[in-house]
Every structure is written in structure tokens, then in C-alpha cells.
Amino acid sequence: MKHKIALMPGDGVGPEIIAEGVKVIEKASEVDNFEIEWVKYDNGADKYLETKELITEDTLEEIKKTCEAIYLGALGDPRVEPGILEKGILLKTRFYYDQYINLRPVRLLEGVECPLKSKTAKDINFDIVRENTEDFYVGIGGSVKKGRTKQGLEVLRELYKVKFNLDVDSDTDEVAYQIGMLSRKGCERVIKYAFELAKRKNKTLVTSVDKANVLNNIYGLWRKSFENVSRQYPGIQTEFNFVDAITMWFVKQPEHYQVIVSPNMFGDIITDLGAMIQGGLGLAPGANINPEGISMFEPIHGSAPKYKGKNTINPIATIWAGALMLEQVGRMESAKKIIDAIESVLKEGKVRTKDLGGTNSCSNMGDAIAKRIE
Ligand code: IPM
Ligand code: MN
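**Q** Looking at this structure, I do not really get the overall build of the chain. What am I missing?
**A** Along the chain, the regular secondary structure elements total 11 helices and 12 strands. For 374 residues, the compact-globule formula gives about 21 Å, and the C-alpha radius of gyration of the chain, at 21 Å, lands near that figure. Each principal axis of the C-alpha atoms in the chain carries an extent, and together these give about 65 × 55 × 40 Å. Residues counted as buried form 55% of the 374 residues belonging to the chain. Accessible surface computed for the chain: about 17,100 Å², of which carbon and sulfur atoms make up 49%. Distance between charge centroids for the chain: 3 Å, based on 51 positive and 54 negative side chains.

**Q** When you look at the site of ligand 1 in this model, what are you seeing that I'm missing?
**A** Around ligand 1 sit Glu-86, Leu-90, Arg-94, Arg-104, Arg-130, Tyr-137 and Asp-268, and those are all the residues in its vicinity. Within the side chain of Arg-94, an N or O atom sits 2.7 Å from an oxygen atom of ligand 1. Between ligand 1 and Arg-104, the relevant distance is 2.9 Å, taken from an oxygen atom to a side-chain nitrogen or oxygen of the residue. Protein coverage of the free-state accessible area of ligand 1, which is 320 Å², stands at 77%. Counting residues per element, the shell around ligand 1 draws most heavily on helix H4 (residues 84-96), at 3 residues. Here the residues of the shell around ligand 1 are counted per class, giving 2 nonpolar, no polar and 5 charged.

**Q** Sorry if this is basic, but what is going on with the sheet that holds strand S10 (residues 259-262) here?
**A** Strand pairing in a sheet relies on backbone hydrogen bonds, with the paired strands running either antiparallel or parallel. If you trace the 10 strands from one edge of the open sheet to the other, you get S2-S1-S3-S12-S11-S4-S5-S10-S8-S9, paired in mixed fashion. At either margin of the open sheet sits one strand with a lone partner, and together these are strand S2 (35-40) and strand S9 (237-242). For this sheet, the mean inter-axis angle between neighbouring strands, taken without regard to orientation, is 25°.

**Q** For this particular structure, what's the right way to read the pattern of salt bridges?
**A** With the rule as written, the count across this model stands at 27 salt bridges. One salt bridge in this structure joins Glu-298 and Arg-94, with 2.9 Å as the shortest N-O distance. Note that Glu-298 is positioned in strand S12 (residues 295-299) and Arg-94 in helix H4, a separation of 204 residues in sequence. Judged by its relative accessible area of 4%, Arg-94 falls in the buried class. One connected set of salt bridges, linked through shared partners, spans Glu-20, Lys-23 and Asp-367.

**Q** Just checking my understanding: could you explain the pairing of strand S7 (residues 161-181) for this structure?
**A** Within a regular beta strand, the side chains point alternately toward one face of the sheet and then the other, so they alternate between its two faces. Of the pairings in the sheet, the one linking strand S6 (residues 135-156) to S7 comprises 17 bridges and is antiparallel in character. Bridged to Glu-154 within S7 is Lys-163. The hairpin formed by S6 and S7 contains 4 residues between the paired strands.

**Q** Is there a simple way to think about the domain arrangement of the chain in this case?
**A** A common way to express how large an interface is: the accessible area buried when the components associate. One can read the domain layout of the chain as domain 1 (1-105 + 285-374), domain 2 (113-134 + 182-277) and domain 3 (135-180). Taken residue by residue, the interface counts 13 residues in domain 1 and 16 residues in domain 2. Between domain 1 and domain 2, a total of about 1,300 Å² is buried, with carbon and sulfur atoms accounting for 53% of that surface. In this assembly, domain 1 and domain 2 are joined by 1 salt bridge. The partner of Arg-189 in a salt bridge is Asp-98, with the nearest N and O atoms 2.8 Å apart. Applying the counting criterion to the domain 1 and domain 2 interface returns 8 residue pairs in polar contact (both at pLDDT 80 or more). Of all elements in the fold, only H4, strand S4 (101-107) and strand S11 (285-289) reach the threshold of two or more residues within the side of domain 1 that touches domain 2. Of the residues forming the side of domain 1 that touches domain 2, the biggest block, 5 residues, is contributed by S4. When its residues are assigned to classes, the side of domain 1 that touches domain 2 shows 7 nonpolar, 3 polar and 3 charged.

**Q** Whenever I open this one, the packing of aromatic side chains confuses me. Can you help?
**A** Here a ring pair, both rings aromatic, is described through the centre-centre distance and the interplanar angle of the planes. Following the criterion strictly, the structure yields 9 aromatic pairs and no others. Sitting over the ring of Tyr-48, Lys-52 keeps its end group 4.6 Å from the ring centre.

**Q** Before we go on, may I ask you to explain the layout of surface pockets in this structure?
**A** To find the voids left in a structure, one rolls a probe of water-molecule size over its atoms. By volume, the largest pocket amounts to about 620 Å³. Leu-103, Lys-201, Leu-324, Glu-327 and Ile-339 are the residues nearest the centre of the largest pocket, which is lined by 25 residues in total. Only S4, strand S5 (125-131), helix H5 (184-200), S11, helix H9 (316-328) and helix H10 (332-348) provide two or more residues apiece to the lining of the largest pocket. In terms of residues, the lining of the largest pocket owes the most to one element, H10, which gives 5 residues. The residue inventory of the lining of the largest pocket, partitioned by class, reads 14 nonpolar, 2 polar and 9 charged. Formed jointly, the lining of the largest pocket draws a minimum of three residues from each of two domains, domain 1 (1-105 + 285-374) and domain 2 (113-134 + 182-277).

**Q** Just to check I follow, could you spell out the packing of helix H1 (residues 14-31) against H10 for this structure?
**A** Think of two packed helices as two axes; the pair is described by the angle between the axes and how far apart they sit. Remark: H1 packs on H10, axes separated minimally by 10 Å, with the N-to-C direction vectors making an angle of 125°. Regarding the angle of H1 to H10, the classification is oblique. In the crossing of H1 with H10, the sense of the turn from one axis to the other is right-handed. Taken together, the residues of H10 that come into contact with H1 (itself represented by Val-24, Ile-25, Ala-28 and Val-31) are Ser-334, Lys-337 and Ile-338.

Basis of the calculations
- Residues numbered from 1 in each chain as written.
- Chains lettered and ligands numbered in written order.
- Predicted model: local features only at pLDDT ≥ 70, side-chain atom pairs only at ≥ 80, totals over all residues.
- Heavy atoms only, no water.
- Helix = DSSP H or I, 4+ residues; strand = E, 2+ residues; numbered from the N terminus.
- Rg over C-alpha atoms; globule rule 2.2 N^0.38 Å.
- Buried < 20%, exposed > 50% of the residue type's maximum accessible area, 1.4 Å probe, protein only.
- Areas by Shrake-Rupley, 256 points an atom, 1.4 Å probe, with all protein chains shown as cover.
- Lys, Arg positive; Asp, Glu negative; His and termini not counted.
- Charge placed at Lys NZ, Arg CZ, Asp CG, Glu CD.
- Near = heavy atom within 4 Å.
- Polar contact = N/O pair within 3.5 Å; in protein donor to acceptor, adjacent residues only side chain to side chain.
- Nonpolar A, V, L, I, M, F, W, Y, C, P; charged D, E, K, R; others polar.
- Pairing = 2+ DSSP bridges.
- Axes fitted to C-alpha atoms, helices over the stretch in contact; angles between N-to-C directions.
- Salt bridge = Lys/Arg side-chain N within 4 Å of Asp/Glu carboxyl O.
- Domains from an automatic or database assignment.
- Contact = heavy atoms within 4.5 Å.
- Buried area = accessible area lost by both parts, 1.4 Å probe.
- Phe/Tyr/Trp six-rings, centres within 6.5 Å; stacked < 30°, edge-to-face > 60°.
- Lys NZ or Arg CZ within 6 Å of the ring centre and 35° of its normal.
- 1 Å grid on protein atoms, 1.4 Å probe; cavity = no way out; pocket = protein on both sides within 12 Å on 5 of 7 lines; lining within 4 Å.
- Points joined across faces, edges and corners; volume = space filled by probe spheres on them.
- Parallel < 35°, antiparallel > 145°, perpendicular 65-115°, else oblique.
- Left-handed = near helix turned anticlockwise from the far one by under 90°.

Here's what the structure looks like:
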């Protein structure tokens, strides 16, 4: 059977890391006897600067009709104002396909140095399930000058349509605001995914992250949803952590965690910290999942424009994301082979990119992992 995958290399180091991911996936497909067809999409900074196009609904519909998943390098370019490509392509795609789960494994592999003194591979091995469509990411807000202003803001999704008709009366010169929004349905579905993940992996603890002691409206709903879903899983222990506290515990006692579920923005922040304790951004993969739709796989790091074209970046985050993609399209064995090969190359320690204290290139690393799969 053939898997058709949309390939979006993107900006900065995107094309070089994606090339290594493709190399490794193709090797796995050769060994396991299946075919991959890549359909390339050149969305990103160059295309935007030439044509003003970010990503069109036609493109998104075409991918939906013809491909099983999207493999993405990275987006972002210093020639474009921050936020345009990120919101216009990355977030647009996540929301369009309702990829409500952002799964980010935090695993320190053997052979990788951990910045935390005395922590080893057995201490850092958990999954962060980040909600991926709501919270402060819904993108509604505004700013008003002194006086009375009416603003209509809307969140239009497949899951719901919500409109805020605001009537702001202000006696100060300028006020800006951003609305964070959660829905009961939006919370429960991602929390359920976290519990199912825990069940599948025989984990015994699911931790919920929030800031309900201050932002009690939205994270109060998050908590109620968590409590509600957790009742369906009596065999799994639960706890609530405030987001500030969890950053402290990641450093002090990462071995405590098994599965963590977090609202979008806190999930963004804690997964960068998670990446660091697993050895760096070059090692951290991410999966934007809609279990019934199109999912998208990418490293959690950005486009690192400074390193563009230098062939020095570590491609492991992207290769690992490729393994998560194979899992999603049902190629469990090949996914495992890739992750085993990554582990084996790191453990051996002969091939190491700059971030790992070595002198090998991005493509050296891709070659070594592909070779290990044979
Ligand atoms: C990430 C990134 C994105 C996010 C940005 C680029 C929109 O930081 O994938 O973690 O905040 O989700
Ligand atoms: Mn981030």
C-alpha cells in the first residue's frame, strides 16, 4: 500500500532537516516494503514574499482530499514580520484540520547529556499533550482608544461558532486586550486523549496543568472538564499542577511525570522546557493530531534562520516527528525502527551534531540513522 504525504519544507533550516527526515522514512519504507509518495508544497516565506499567499483553502482542501498527513519542516523568516507566517500557515493549518492534540514526547535518550545534574534516561520519559486549538491562541482581541468602541469578535470553527459583541467604554488613552477562550467540548476531547494515551501505555498518573488560582474562568472550566473525564478512568491517578509550579518540578523531579495535559499556551511554554531537559530543541518532536482527520508532524523548534543552508542543525527532532507520523498512518513497526535507530546512534555517540558537542553535519546524522535501520 502507498502512503501519500504532503511535504512542506518551509523556511530557514526547514528544507535541510526535512531532507533528512525523508531520507530516513524512505529507508524504513524500503526495509518494511511499502511506498511513500511525497507531494511537495512550497508554502513559506519565499512564496509569501513573491505572491502574498500564505496557505489557501484550495491548498488545504486539496491536501485533505489527496494526502494522509503533512510533514512540516519549520516556518518563520526574518524578512517577514513575526507572526504572519506562524499564524497564516502554521496555526491556520492546525485550526483548519482541527488538530486539537499537540503531542510532544519528552524523553531523554541514552547517550544524550542532560543539563540536569544526576538525571538519566530513566528519569525523563513522559508525554505532554497540549491542547492545540483554543485558549489565548483563538486570536481574538483588539485595542481601543479613549471613549466608547464597539467591537465584534468571532471564533468560527467546525466544533462551534462563538461571537463576542463588545461595547467598551474607556477613560484612558489606550487599552489592548486579548481574549482567551476554552470550550467544554474542546477541553474534554483533548483530556480524553491524554487519558487514553495513559491507558494505552500502562501509565498510572495524568497531571493537569493550569493557572486556575488566577485565571479562574477559563481554567476553572478546564478543571471541571478534567475532573469529569477522569471519572471514566478510575484506575488512573490524577493531580493538578499550576503552570509556574510545574516548571519548577520539571527541573527538580522530572521522574514524577508520566502523562501531562495542558491548555494551549502553557503547553507551548512547558514543552520548550521539556525539550531542554531531554537534551535540547534539536531532539524534541511534535505531532499535531486530529485522530479522524489530517495530522501534521514537525519538530517543535523554529526555522533557525541563522543556520539556514549551513547543514549543521540536528535533524533528530524532525526524524523523530517522522516516526510519529508513521505511527499515525499505521506503520508502527517502521516507526519503532526509526526511534530505535535514533537511540542506537545517540548511544554509540560516534556521530554527533554541534548541539550534542560534536562536529558532524545535519546530513551525517541523517545518513547514520538511515544506515542503522538497514
Ligand atoms: C510551537 C511554536 C508555535 C506555537 C508558534 C510558532 C505559533 O512556538 O509550535 O510551539 O506557539 O504553537
Ligand atoms: Mn513553541
